[in-house]
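Here's the letter readout for the chains.
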Amino acid sequence: MLSQRTRYTIRALLHLADRYGQGPVQLAEIAEAQNIPPKFLTVMLSSMRRAGVVESLRGREGGYWLARKPDQITYGEIVRLTRGSLGLLPCASRLAYRKCENCIGDAQCRLRRAMLLVRDETARILDHLTLADQLPMDEPPPQVRPEVIPEPAAAEG
């Protein structure tokens, strides 16, 4: 599950993407439009500035803007910057690997193998989805391709 921090960050960056090339966007505008607490937004955008995702200018005419074009910033990058990993288990993380509590061993753990597949498919999607991608709001969300989901094994009786 995505953390509140990750969701807020993506919403704030999408707001900046919508205004790309129009100059600095004030924090108060982003906070109000995206319903994000201003103090929390300040911390998140400062973190994104240190990571090179946004730039900022202080002062009355200041604000925030994307440091790169929206099509050069992926959802995968944002999730990794805010969450640390795309893995649902610590042992399924590429960058923040940790052995799970009560581990039976990576080589024997079928749950880990499944979560590695989930992580890789999640990365494939999120690393190709950018802030520039316009997902239509008046259409139902895209469905997972049926060939990706294996049919359940028939129960033997």
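Before reading further, recall that the structure is shown in the block above.
Bringing the packing of helix α1 (residues 4-18) against helix α2 (residues 27-34) into the picture now. Where α1 contacts α2, the two axes come as close as 10 Å, and the packing angle between them is 115°. The chirality of how α1 crosses α2 is right-handed. From α1, R11, A12, H15 and L16 reach across to α2, where they touch E29, I30, A33 and Q34. Counted by class, the contact of α1 with α2 contains 4 nonpolar, 2 polar and 2 charged residues.

Next up on the list: the packing of α1 against helix α4 (residues 75-83). Packing of α1 against α4 brings their axes to within 9 Å, and their N-to-C directions diverge by 135°. Overall, the two elements α1 and α4 adopt an arrangement that is oblique. When you trace α1 past α4, the crossing you get is right-handed. Note on element contacts: α4 touches α1 through Y75, I78, V79, T82 and R83, opposite R5, T6, T9, I10, L13 and L14. In terms of residue class, the contact of α1 with α4 is built from 6 nonpolar, 3 polar and 2 charged.

Okay, α4 next. Counting along an α-helix, one turn takes 3.6 residues, and residues three or four places apart therefore face a common direction. Residues of α4 that are buried include every one of Y75, G76, I78, V79 and T82, and no others. Taken down its axis, α4 places every buried residue within 160° of arc, on the same side. Tucked into the core, α4 has its buried residues touching α1, α3 (38-50) and α5 (110-126). Directly beyond the C-terminal end of α4, a positive phi value near 95° is found at G84.

A few words on the packing of aromatic side chains. A complete count under the given rule lists 1 aromatic pair for this structure. Taking the centre distance of 5.5 Å and the plane angle of 75° together, the rings of Y8 and F40 count as edge-to-face. Here Y8, found in helix α1, pairs with F40, found in helix α3; they are 32 residues apart in sequence, far enough to count as distant. When its relative accessible area of 12% is taken as the criterion, Y8 is described as buried. On the accessibility criterion, F40 (32% relative accessible area) is partly exposed.

The rules we used
- Residues numbered from 1 in each chain as written.
- Predicted model: local features only at pLDDT ≥ 70, side-chain atom pairs only at ≥ 80, totals over all residues.
- Heavy atoms only, no water.
- Axes fitted to C-alpha atoms, helices over the stretch in contact; angles between N-to-C directions.
- Helix = DSSP H or I, 4+ residues; strand = E, 2+ residues; numbered from the N terminus.
- Left-handed = near helix turned anticlockwise from the far one by under 90°.
- Contact = heavy atoms within 4.5 Å.
- Nonpolar A, V, L, I, M, F, W, Y, C, P; charged D, E, K, R; others polar.
- Parallel < 35°, antiparallel > 145°, perpendicular 65-115°, else oblique.
- Buried < 20%, exposed > 50% of the residue type's maximum accessible area, 1.4 Å probe, protein only.
- Arc of directions from axis to C-beta.
- Phe/Tyr/Trp six-rings, centres within 6.5 Å; stacked < 30°, edge-to-face > 60°.

Interpretation in functional terms is not warranted from these geometric data alone.
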